[in-house]
Amino acid sequence: MAIIEIDIISDIICPWCYIASHNLQKAISLYKRTYPDGSKDSFSITWKPYFIDEVPPAESMLVQDRMLRRMTPEQVSGAQTRLVRVGAASGIQFKFGGYIGSSRLGHRLLHIVKQKKGGEMQDRLAEMLFHYQFEREADVSEVEVVVEAAGRVGLGEEEVRGWLAGNDGVKEIEEQGRWARDAGVQGVPHIIVGGQHHFDGALDVSEFFEAVVLARQSGLSQ
């Protein structure tokens, strides 16, 4: 049996990171079903922060308005059309009518959950935060939204509020965000499979599958 480690450097306000998450899970499922003895292998997934906004925005704004700060109306329309199409193929129903703000709060909770509850719970929470931001049109920069999302994956409300009431994780996520940029990560998602194989962008299921096999074979040859 092998333990295949996967680090996902992402921002929870990045729609392509959500697509990557879905495609990775599909690839892992395919690997376990089809790769020789793949069902005996396990995966250790860790979500690490990256901040699209190096300086947190002062307040949330409509998704449409935020996109218009970086693109023309025609580019926004094209980007949304592509996200809807690619997202649907991955099982995601993207919506763009909500607000979007700083991702610091969500990243803090992801960091804390990893430390206190382990990688599996962190992975579930990351998926739920994406779901809230991009399918429920809920702003994950708001405490109430983050607490509700955490409850959906089995975390206690009082416990989560207690974690977020202090400064737990604030210093750590900023350090990790700087580490990612210093390491040359210029955009997300950035996925590291097996500690040595780096991939940029939302790979499709077959590409993720090949990455997992490559990591597995590299591990056996060491």
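It should be emphasised that the depicted structure is a prediction, and the values quoted were computed from it without experimental measurement.

So, how was this worked out
- Residues numbered from 1 in each chain as written.
- Predicted model: local features only at pLDDT ≥ 70, side-chain atom pairs only at ≥ 80, totals over all residues.
- Heavy atoms only, no water.
- Axes fitted to C-alpha atoms, helices over the stretch in contact; angles between N-to-C directions.
- Helix = DSSP H or I, 4+ residues; strand = E, 2+ residues; numbered from the N terminus.
- Parallel < 35°, antiparallel > 145°, perpendicular 65-115°, else oblique.
- Left-handed = near helix turned anticlockwise from the far one by under 90°.
- Contact = heavy atoms within 4.5 Å.
- Nonpolar A, V, L, I, M, F, W, Y, C, P; charged D, E, K, R; others polar.
- Buried < 20%, exposed > 50% of the residue type's maximum accessible area, 1.4 Å probe, protein only.
- Pairing = 2+ DSSP bridges.
- Phe/Tyr/Trp six-rings, centres within 6.5 Å; stacked < 30°, edge-to-face > 60°.
- Lys NZ or Arg CZ within 6 Å of the ring centre and 35° of its normal.

K.L.:
Is there a simple way to think about the packing of helix H5 (residues 119-134) against helix H6 (residues 143-152) in this case?
P.N.:
Helix packing for two helices is described by the angle between their axes and how far apart those axes are. Viewed as axis vectors pointing N to C, H5 and H6 meet at an angle of 130°, and their least axial separation amounts to 9 Å. By the angle between their directions, the pair H5 and H6 is classed as oblique. Here H5 and H6 pass one another in a crossing that is right-handed. From H5, Leu125, Met128, Leu129 and Tyr132 reach across to H6, where they touch Val145, Val146, Glu148, Ala149, Ala150 and Arg152. Each residue belonging to the contact of H5 with H6 can be placed in one class, and the counts come to 8 nonpolar, no polar and 2 charged.

K.L.:
Please clarify how the pairing of strand E5 (residues 190-193) should be interpreted in this entry.
P.N.:
The side chains of a regular strand alternate between both faces of the sheet. Residues His190 and Ile192 point to one face of E5 and Ile191 and Val193 to the other, with burial holding for every one of them. As paired strands, strand E1 (residues 3-10) and E5 are joined by 4 bridges and run antiparallel to one another. The residue of E5 that forms the bridge with Ile8 is Ile191.

K.L.:
Even after reading the chapter, I still don't get the sheet that holds strand E2 (residues 42-49), so can you show me in this structure?
P.N.:
Strand pairing in a sheet relies on backbone hydrogen bonds. The paired strands run either parallel or antiparallel. Strand order in the open sheet formed by 4 strands is E2-E1-E5-E6, with mixed pairing between adjacent strands. Single-partner strands in this sheet number two, and they are E2 and strand E6 (197-200). The average undirected angle you get between the axes of adjacent strands in this sheet is 20°. Relative to E2, E1 is paired through 8 bridges, and the arrangement is parallel. Directly across from Glu5, in E2, lies its bridge partner Ser44.

K.L.:
What is the right way to look at the packing of aromatic side chains in this model?
P.N.:
One pair of aromatic rings is described through two measures. These are the centre distance and the angle between the planes. A complete count under the given rule lists 10 aromatic pairs for this structure. The interplanar angle of 90° and the centroid separation of 6.2 Å between the aromatic rings of Tyr18 and Phe94 together place this pair among those described as edge-to-face. Of this pair, Tyr18 sits in helix H1 (residues 15-34) while Phe94 sits in the loop between helix H3 (73-89) and strand E4 (99-100), and the two are 76 residues apart along the sequence. In this structure Tyr18 comes out as buried when scored by relative accessible area, which is 1%. Here the aromatic residues Tyr18, Trp47, Phe94, Phe96, Phe130 and Phe134 are joined through ring pairs into a cluster of three or more. Residue placement shows Lys48 over the ring face of Trp179; its charged tip is 5.4 Å from the ring centre. One residue, Arg104, lies across the ring of Phe51, its end atom 3.8 Å from the ring centre.

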